[in-house]
Amino acid sequence: MNIDKFYEKLLKLEDPWYVDKVELNEKETKVDVFVKHHTPIQAACPECGDFKSIYDHGPERIFQHLSTCQMQTFVHVRLPRVNCDKHGIKQILSDLGGPNSHMTYAFESHVIKMAQECSYSAISRLALLSWDEVSGCVKRAVERGLSRKPKHITERIAVDEKSFAKGHKYETLVCDHDKGTVEFVADGNSQESLEAYYKQFEQHEKKIVSVITMDMWDPFIAATRLHIPGAAQKIVFDRFHVMKHMTEAVDKVRKEENQRFHEEGSDLLKGTKYLWLWNQENIPEWRKQEFERLQNADLDVSRAWAIKENLRHLWGYFSEAWARRFFKQWYFWATHSRLKPVKDAARTIKNHFENIVTYAHHRITNAVVEGLNSKIEKVKRLACGYRSRNNYRMAIYFHCGGLDLWPSPPSGRQIRWAPA
Ligand SMILES: [Zn+2]
């Protein structure tokens with residue numbers, strides 16, 4: 001088999017396409033393959049698919065392909081343009097690579113696979129591509145995926161915020177509880193950030209939303225109340241975020257008490273920070289005795305801890321009425337504890353209680369976001385070098401969007417022999 005035929009096979013070229021010549025450039029460790037077509041041919045209009053005669057040829061396109069052994073491989077072709085009576089003069093679609101790509105479909109898929117595992121700069125070193133070529137490939141993959149995705153609002157929504165790299169810039173993530181995907185990424189964590197997601201849909205479409213889990217964050221609450229019909233019964237504040245307020249209160253009480261003890265020359269609470277942060281069942285065996293001793297020592301932190309632990313029962317109720325009854329008693333206890341951090345946290349929780357008690361019906365937390373966190377941490381690890389927030393957003397869609405990212409060559413033949 002001669003080398004031209006060999007490359008025709010590798011590239012799966014079909015008549016009337018053929019390989020005109022192959023050049024080996026040892027100095028630059030590359031192979032250039034020049035593809036041409038026989039004549040006379042007709043070509044398919046990219047808009048309507050009708051076969052028309054050739055008008056002329058566009059300038060040479062060069063597609064990078066999978067390497068031939070150690071040699072980078074490039075395919076050169078001048079694509080015909082057709083004159084369609086309906087659509088005017090158009091360049092035909094190529095079986096080799098997409099309209100805005102300098103890569104063949106096969107090579108582009110390979111870069112996408114690498115991007116799922118490595119950072120842009122690693123791919124750029126491994127595949128000898130420029131950083132912009134890699135980010136362009138990921139951008140095209142995400143745009144392709146988003147355009148293929150059916151456009152409807154998520155029925156069970158989880159909203160979360162994530163900080164972007166260093167500093168305190170945030171992204172708002174809208175996630176799908178059922179698919180475990182990130183559906184939307186918006187700049188910032190303001191009311192407008194979340195509204196940007198809701199605004200994509202008509203009012204009647206938004207009726208299908210059955211639950212929205214989120215942190216007790218006023219801008220997200222406001223956006224949801226404004227856009228989602230019946231939001232008052234559908235918002236559920238994340239259980240772990242609510243408990244975090246109490247755990248932080250316990251920690252504040254410990255710090256203050258430890259300081260007092262320290263001034264009095266006692267180190268009773270020294271090194272006990274984590275004992276008070278753990279839930280009862282998570283206290284390690286070897287510290288249980290120590291913890292019991294402290295609990296019997298009539299400490300402020302011990303009372304704060306008991307109040308915090310008790311609040312966890314709230315999420316055990318299946319009846320809203322019982323949950324309300326329980327909370328009323330708990331709130332009385334917490335606000336009469338004479339522990340300021342506990343009282344403050346209890347008030348914050350009470351102010352948001354109407355959408356904490358909704359848990360009794362919906363029984364859902366933001367756990368889907370926790371599941372996505374490992375993927376997002378990966379995105380952040382690869383992030384050194386995203387260069388912009390826009391690239392970071394692309395990366396979140398790329399890794400967490402559940403999108404169909406793969407390039408697909410046009411279906412059917414694009415050129416054929418002209419009828420005699
Ligand atoms: Zn046409």
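Everything below is about the structure shown above.
Below you will find a few notes about this structure.

The rules behind these values
Each chain carries its own residue numbering, running from 1 in the direction its sequence is written. With the structure being a predicted model, the display of local features is reserved for residues of pLDDT at least 70 and the display and counting of side-chain atom pairs for 80 or more, all residues being used for whole-chain, interface and lining totals. Working from all heavy atoms in the structure, the side-chain values ignore hydrogens and water. Strand pairing requires that DSSP identify at least two bridges connecting the strands. The secondary structure listing takes helices from DSSP runs of H or I that are at least 4 residues long and strands from runs of E that are at least 2 residues long, numbered from the N terminus. As a rule, the C-alpha atoms of each element are fitted with a line to give its axis, helices using only the stretch in contact, and angles between N-to-C directions run from 0 to 180 degrees. Any pair of residues with heavy atoms lying within 4.5 Å of one another is described as a contacting pair. Burial status follows relative accessibility: with a 1.4 Å probe on protein chains alone, a residue under 20% of its type maximum counts as buried, one over 50% as exposed, and anything between as partly exposed. Read the arc as the range of directions from the helix axis to the C-beta atoms. N or O atoms closer than or at 3.5 Å make up a polar contact, with two conditions inside protein: a donor-capable atom paired with an acceptor-capable one, and, for residues adjacent in sequence, both atoms drawn from side chains. Each metal site is built from N, O and S donor atoms within 2.8 Å (3.2 Å for Na, K and Ca), and since water is not included, such sites may look incomplete. Donor angles set the geometry label: tetrahedral for four donors if every angle is between 85 and 135 degrees, square planar for four and octahedral for six if opposite donors exceed 155 degrees and the others are between 65 and 115, irregular for anything else.

The next thing to look at is the sheet that holds strand 9 (residues 181–187). Neighbouring strands of a sheet are bound in pairs by backbone hydrogen bonds; such pairs are parallel or else antiparallel. With mixed pairing, the five strands of this open sheet are ordered in space as 9-8-7-10-11. Each edge of the sheet is formed by a strand with only one pairing partner; in this case those strands are strand 9 and strand 11 (235–237). The sheet shows a mean angle of 25° between the axes of neighbouring strands, taken without regard to direction. Bridge count for strand 8 (residues 170–176) against strand 9 is six bridges, and the pairing is antiparallel. Bridging across to strand 9, Leu173 finds its partner in Val185. Helix-sheet contacts for helix 5 (residues 191–198) involve strand 7 (156–163), strand 8, strand 9 and strand 10 (211–214), and the interaxial angle to strand 9 is about 130°. Helix 17 (residues 389–400) rests against strand 7, strand 8 and strand 9 of the sheet, and its axis sits at about 170° to strand 9.

Moving on to helix 1 (residues 3–10). Within helix 1, burial applies to Asp4, Tyr7 and Glu8. Down the axis of helix 1, the smallest arc covering the buried residues is 110°, so these residues share one side. If you follow the buried residues of helix 1, they end up packed against strand 1 (17–25), strand 2 (30–37), strand 4 (51–68) and strand 5 (71–84). Backbone nitrogen of Asp4 and a side-chain oxygen of the N-cap are separated by 3.0 Å at the start of helix 1; the cap is Asn2. Directly beyond the C-terminal end of helix 1, a positive phi value near 55° is found at Lys12.

With that out of the way, let us pick up the coordination of the zinc ion. Every protein donor of the zinc ion is accounted for by Cys45 (SG), Cys48 (SG), Cys84 (SG) and His87 (ND1), and the metal-donor separations fall at 2.1 to 2.3 Å. Taken together, the four donor atoms surrounding the zinc ion define angles of 104 to 114° at the centre, an arrangement classified as tetrahedral. In primary sequence terms, the donor set of the zinc ion follows C-x2-C-x35-C-x2-H. Separated by 36 residues along the polypeptide, Cys48 in the loop between strand 3 (41–44) and strand 4 and Cys84 in strand 5 bring together distant segments of the chain. Of the residues examined, Cys84 reaches a relative accessible area of 2% and is grouped as buried.

This brings us to the environment of Ala321. Looking at the element boundaries, Ala321 is found in helix 13 (residues 320–335). Given the relative accessible area of 42%, Ala321 is considered partly exposed. Along the backbone, Ala321 and Lys86 are 235 residues apart, and their C-alpha atoms lie at a distance of 68 Å.

Read these as layout, nothing more, since geometry by itself doesn't imply function.
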